[in-house]
Amino acid sequence: MTTADSNESLNGTNPTIMTRIITRIFHCALAAGCFLGIVLTGATVCAAKSETRAPLLSLQAPPVELAEYMTQLQVYTHKLSLSVAASNVPLAQFYLHESVAHLKRIQELFPEYEGQPIALLIDRLAIESYELLNTLFAEEGAEASKDELDHALEVIINACNACHISSNAPIRIQRNDTNPYMQDFNP
Ligand code: HEC
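The following refers to the structure shown. What you see is a predicted model; the values in this text were computed from it and never measured.

We now examine the overall build of the protein chain. Each helix and strand in the protein chain was counted, giving 6 helices and 0 strands. Burial status across the protein chain gives 16% buried among its 187 residues. At a minimum sequence separation of 6, the contacts of the protein chain that also span at least 24 residues come to 58%.

Rendered as structure tokens:
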């Protein structure tokens, strides 16, 4: 083989190699394009998904409902009345304390609710309604008569209803001495 031959053959093979190289490059480009396409599609789908998730994540906590706090107050009041019915002074004192603390929490959370001056009404109507029962416990303890205790409890329940009327809430609280709780109220 002469140099010319090898040149020729080189020249001869060059286009084939070039074609192969170009084909390879083309295939690689095609593969890369496909890959890019898949990645981009994936990214778009993910973006779309996170777009649908975004509003959920950015949703603010739902507004606090006064009714939920009232339900808890109702539980304390019911348990207070069951403790009074069972002449269990320490337990009644516990629920009296919890009721007043809960009312104060309501005052902080709901200075106003749907246009009603809740904090003010609690000051004017509710807090002082516990004073009679509190005094009975402090002064007479277990010696307080059933009538005295019943009357003091009625004062509290009347305050609940006075406030419901003042704030246009169609809720009427009524004493109920049946025990629905998994709890013994006896001393
Ligand atoms: C500040 C005045 C006020 C006082 C005092 C008050 N409430 Fe309410 N209560 C409301 C308002 C206003 C609503 C209606 C809330 C709403 O519209 O979401 C309500 C709703 C309720 C509800 C309805 C929620 C439910 O679970 O069905 C109950 C029960 C309730 N109160 C119990 C009581 C009890 C028991 C007391 C007394 C120990 C009391 N409340 C004292 C203002 C008051």
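So, on to the site of the ligand. Lining the immediate environment of the ligand, one finds 24 residues, of which Met-70, Thr-71, Cys-160, Cys-163 and Ala-169 sit closest. Of the residues that constitute the shell around the ligand, the class distribution is 17 nonpolar, 6 polar and 1 charged.

Ranked by internal contacts, the top residues of the largest apolar core, which has 23 residues, are Ala-92, Leu-133 and Leu-153. Of all the secondary-structure elements, those providing two or more residues to this core are α2 (66-85), α3 (89-109), α4 (118-126), α5 (131-140) and α6 (146-166). When residues of this core are assigned to their parent elements, the largest contribution, 7 residues, is made by α6. Every residue in contact with Leu-133, bar those within four places of it in the chain, is listed here: Leu-96, Ala-152, Leu-153 and Ile-156.

Now for α3. For α3, built from 21 residues, the straight-helix expectation of 30 Å at 1.5 Å per residue is met to within 8% by its first-to-last C-alpha distance of 30 Å. All of the buried residues along α3 are Leu-91, Ala-92, Tyr-95, Leu-96, Ser-99, Leu-103 and Ile-106. Mapping the buried residues of α3 onto a view down its axis gives an arc of 140 degrees, with all of them on the same face. Away from its buried face by more than 90 degrees, α3 exposes Pro-90, Ala-101 and Glu-108. Tucked into the core, α3 has its buried residues touching α2, α4 and α5.

Tracing the chain through its elements places Asn-158 in helix α6. For the pair Asn-158 and Arg-172, spaced 14 residues apart in sequence, the C-alpha separation works out to 9.5 Å.

Working note: α-helix, 3.6 residues per turn, so residues spaced by three or four point in the same direction. Over its 21 residues, α6 runs 30 Å from end to end, which matches the ideal 30 Å to within 8%, given 1.5 Å per residue. Restricting attention to buried positions, one finds in α6 the residues Leu-149, Ala-152, Leu-153, Ile-156, Ala-159, Cys-160 and Cys-163. When α6 is viewed along its axis, its buried side chains cluster within an angular range of 100 degrees and face the same direction. Seen from the open side of α6, the exposed residues pointing more than 90 degrees away from its buried face are Lys-146, Asp-147 and Ile-165. Where α6 is buried, its residues touch α2, α4 and α5. Of the residues trailing α6, Asn-168 is marked for its positive phi of about 55 degrees.

Parameters and conventions
Residue numbers restart at each chain and count upward from 1, following the sequence in its written direction. Local features in this predicted model are restricted to residues of pLDDT 70 or higher, and side-chain atom pairs are both shown and tallied only at a pLDDT of 80 or more, whereas totals for entire chains, interfaces and linings draw on every residue. Strands are runs of DSSP state E lasting at least 2 residues, helices are runs of H or I lasting at least 4, and numbering of each runs from the N terminus. Three exposure classes are used. Buried residues have 20 or more other C-beta atoms within 10 Å of their own C-beta, exposed residues have 12 or fewer, and partly exposed residues fall in between, all C-beta atoms being placed from the backbone. Any two residues are considered in contact once their C-beta atoms, placed from the backbone, lie within 7 Å. Placing the C-beta atom from the backbone, one calls a residue near a molecule or strand if that atom lies within 6 Å of it. Under the scheme applied, nonpolar residues are Ala, Val, Leu, Ile, Met, Phe, Trp, Tyr, Cys and Pro; charged residues are Asp, Glu, Lys and Arg; polar residues are all the others, including Gly. Nonpolar cores are built from buried Ala, Val, Leu, Ile, Met, Phe, Trp, Tyr and Cys residues. These are joined into a set through C-beta atoms within 7 Å. What a helix should span is 1.5 Å times the count of its residues minus one. Directions pointing from the helix axis toward each C-beta atom define the arc.

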